[in-house]
Amino acid sequence: MSTCPTNLEADKTTDADSRLMVALYALAAARESVSRNELLQLADASPDEAGQAIDRLLQLKVLTGKPGDPVRLVPVAPATAFTQLLLPAIRELRERQTTINEVSAQLVDLLPVYEKSVMKDVREHSLHRLDNVDAVRLTVSELSARATREILVSQPGGPRPEPVLKEATDRAVGVLERGVRTRTLYQYTAQFHQPTVDHVSLLVEHGAEVRVVTQVFMQLIVFDREVALVELVGNPKGALLIRDLSVIHFLIGAFERAWDKALPFPPAYEREQMLFSSEEMKTAIVELLVEGYDDKVVAKRLGISLRTFQRHLAAVLRRIGAHNRLHAGYLLRDLGILHEKRAQQ
């Protein structure tokens, strides 16, 4: 007799498989005992199909070997099989649920202690440094859970890693489902990263507003216009938590100005918007050239690679008839080309 599986995992069965199991069980139940070969011969199915059905009946313990003659199989009442097969698993689940309830109750008891100590200290300081990723994630999760009205997000730079996007997606969907308004700014290059596009599409389906801009002033999250997180200078993995309302008012104003200039984040390739975004990128390059920034700084501010920046720069130089970067600066300052571009906008 072949060995049958002993775990409780149910294989995926079709209606035909189920009917075959029922038919074989009926044949066995009509006899005092039956051998596996007899069932295979009586089955209205191929030997392989019938063999799998018999194995499943053995696994469900409604067939078992006859005491003293294991080659013969005897039927077992389903109620008896239930007791033998499932009661241990049900007992284990109940024990796990009891453990979950006890741990949850203990954590709930500890929450007020945390609120009165750690979070109280944070609230009493208008500025608080978070020097590592774990501290930032914990703070973002807590502030997101507390938000009731609005969250503003400015996300500079290129696309974020997929695990970071997954964490942000789960958190943002929960916020949106509570009815909290969410507005997010991404930079130009993010619209060409498919995981980011998928992330944005899902959030928009849940009611988020997402736009794309050429330049983003800083990495920023504002919760309910009462508390904000900005990037730490020299420590991209940390953040500065701000509760000073005057500073937050300034940050919101900067965000709103960028938001007014932004375009809706395209859910798919839209030629007209892509062309307009490309023109916006070239205009931003012109503005930064006039201000005298070097190539690496400009590329970083625009959230693009140095190679991509140099490709846009070459197009700008051709368009204005400049021989080199220095010549371009002269033309832009003294011939008023930048002013004309702004007037056209």
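Residues numbered from 1 in each chain as written. Predicted model: local features only at pLDDT ≥ 70, side-chain atom pairs only at ≥ 80, totals over all residues. Heavy atoms only, no water.

A few points about the sheet that holds strand β3 (residues 69–75)
Consideration 1: With respect to topology, three strands assemble into an open sheet ordered β1-β3-β2, the strand pairing being antiparallel. At either margin of the open sheet sits one strand with a lone partner, and together these are β1 (34–35) and β2 (63–66).
Consideration 2: Bridging between β1 and β3 involves two bridges; their strand directions are antiparallel. What sits directly across from S35, in β3, is R72. (Pairing = 2+ DSSP bridges. Helix = DSSP H or I, 4+ residues; strand = E, 2+ residues; numbered from the N terminus.)

Some points on the packing of helix α6 (residues 133–146) against helix α7 (residues 162–177)
Consideration 1: With their axes 10 Å apart at the nearest point, α6 and α7 run at an angle of 20° to one another. Here α7 runs roughly parallel to α6, going by the angle between their axes. Crossing of α6 against α7: the hand is left-handed. Residue-level contacts link R137, V140, S141 and S144 of α6 to E167, R171 and V175 of α7.
Consideration 2: The class makeup of the residues in the contact of α6 with α7 is two nonpolar, two polar and three charged. (Axes fitted to C-alpha atoms, helices over the stretch in contact; angles between N-to-C directions. Parallel < 35°, antiparallel > 145°, perpendicular 65-115°, else oblique. Left-handed = near helix turned anticlockwise from the far one by under 90°. Contact = heavy atoms within 4.5 Å. Nonpolar A, V, L, I, M, F, W, Y, C, P; charged D, E, K, R; others polar.)

Structural notes on the confidence of the model for the protein chain
Consideration 1: When pLDDT is averaged along the protein chain, the result is 79; 76% of the residues meet or exceed 70.
Consideration 2: Mean pLDDT in the protein chain bottoms out at helix α14 (residues 337–344), which sits at 48, and peaks at strand β8 (residues 220–223), which reaches 95.
Consideration 3: The low-confidence segment residues 1–10 (pLDDT under 50) makes 15 contacts with residues lying over four places distant or belonging to another chain.
Consideration 4: Scored below 50 in pLDDT, residues 337–345 makes 13 contacts in the model with residues more than four places away or belonging to other chains. (pLDDT = per-residue confidence, 0-100.)

Quick word on the sheet that holds strand β5 (residues 150–155)
Consideration 1: Read across the open sheet, the eight strands follow the order β4-β10-β9-β8-β5-β6-β7-β11; overall the sheet is mixed. Single-partner strands in this sheet number two, and they are β4 (127–130) and β11 (263–264).
Consideration 2: Pairing of β4 with strand β10 (residues 235–242), which is carried by four bridges, proceeds in the antiparallel orientation. Within β10, the residue paired with L127 across the bridge is I242.
Consideration 3: Contacting β4, β5, β8, β9 (227–232) and β10, α6 runs over the sheet at an angle of about 40° to β10.

Describing the pairing of strand β7 (residues 209–213)
Consideration 1: Pairing between strand β6 (residues 181–187) and β7: five bridges, direction parallel. Each residue of the ladder has a partner; that of Q187, found in β7, is V213.
Consideration 2: For the crossover from β6 across helix α8 (residues 194–205) to β7, the handedness is right-handed.
Consideration 3: In the sheet, β7 pairs with β11 via two bridges, with the strands oriented antiparallel. In the strand pairing of β11, V212 is matched with L263. (Right-handed = clockwise from strand over helix to strand, strands pointing away.)

So, the packing of aromatic side chains
Consideration 1: Tallied over the full model, the rule gives two aromatic pairs.
Consideration 2: The interplanar angle of 20° and the centroid separation of 5.9 Å between the aromatic rings of F255 and W259 together place this pair among those described as stacked. With F255 and W259 both in helix α9 (residues 245–261) and four residues apart, the pair spans about one turn of that helix.
Consideration 3: For W259, a relative accessible area of 4% gives the class buried.
Consideration 4: Here R183 stacks its cationic end above the ring of W259, 5.1 Å away from the centre of that ring. (Phe/Tyr/Trp six-rings, centres within 6.5 Å; stacked < 30°, edge-to-face > 60°. Buried < 20%, exposed > 50% of the residue type's maximum accessible area, 1.4 Å probe, protein only. Lys NZ or Arg CZ within 6 Å of the ring centre and 35° of its normal.)

Structural notes on the nonpolar core
Consideration 1: Formed by 16 residues in total, the largest nonpolar core has its most connected members in L24, L39, I54, L57, L63 and L73.
Consideration 2: Elements supplying a minimum of two residues to this core: α1 (15–29) and α3 (47–59).
Consideration 3: Once residues lying within four places of it in the same chain are set aside, the contact partners of L39 are L24, L27, A28, V34, I54, L63 and L73.
Consideration 4: Within the second largest apolar cluster, 15 residues are counted, among which are L152, V213, V222 and I242. (Core = buried A, V, L, I, M, F, W, Y, C linked by side-chain atoms within 4.5 Å.)

Describing unusual backbone geometry
Consideration 1: Positive phi is not limited to glycine here, since K61 has a value of about 65°.
Consideration 2: For K61, a relative accessible area of 35% puts it in the partly exposed group.
Consideration 3: Here R225, not a glycine, exhibits a phi torsion of approximately 55°, which is positive.
Consideration 4: Tracing the backbone through its elements, the reader meets R225 in the loop between β8 and β9.
Consideration 5: By relative accessible area, which is 38% here, R225 ends up partly exposed.

Here we look at a negative patch on the surface
Consideration 1: On the surface, D15, D17, D48 and E49 cluster together to form a negatively charged patch.
Consideration 2: Note on placement: D17 falls in helix α1. (Patch = residues over 30% accessible without salt bridge, like charges linked within 9 Å, V, L, I, M, F, W, Y side chains within 5 Å. Areas by Shrake-Rupley, 256 points an atom, 1.4 Å probe, with all protein chains shown as cover. Salt bridge = Lys/Arg side-chain N within 4 Å of Asp/Glu carboxyl O. Lys, Arg positive; Asp, Glu negative; His and termini not counted. Charge placed at Lys NZ, Arg CZ, Asp CG, Glu CD.)

Topic: the pattern of salt bridges
Consideration 1: Inspection of the entire model under this criterion finds 14 salt bridges.
Consideration 2: The partner of R181 in a salt bridge is E209, with the nearest N and O atoms 2.7 Å apart. Placement of R181 in strand β6 and of E209 in strand β7 is noted, with a sequence separation of 28 residues between them.
Consideration 3: Judged by its relative accessible area of 39%, R181 falls in the partly exposed class.
Consideration 4: Owing to a relative accessible area of 28%, E209 belongs among the partly exposed residues under this scheme.
Consideration 5: Counted as one network, the salt bridges with shared partners bring together E150, R181, R183, E209, R225 and E256.

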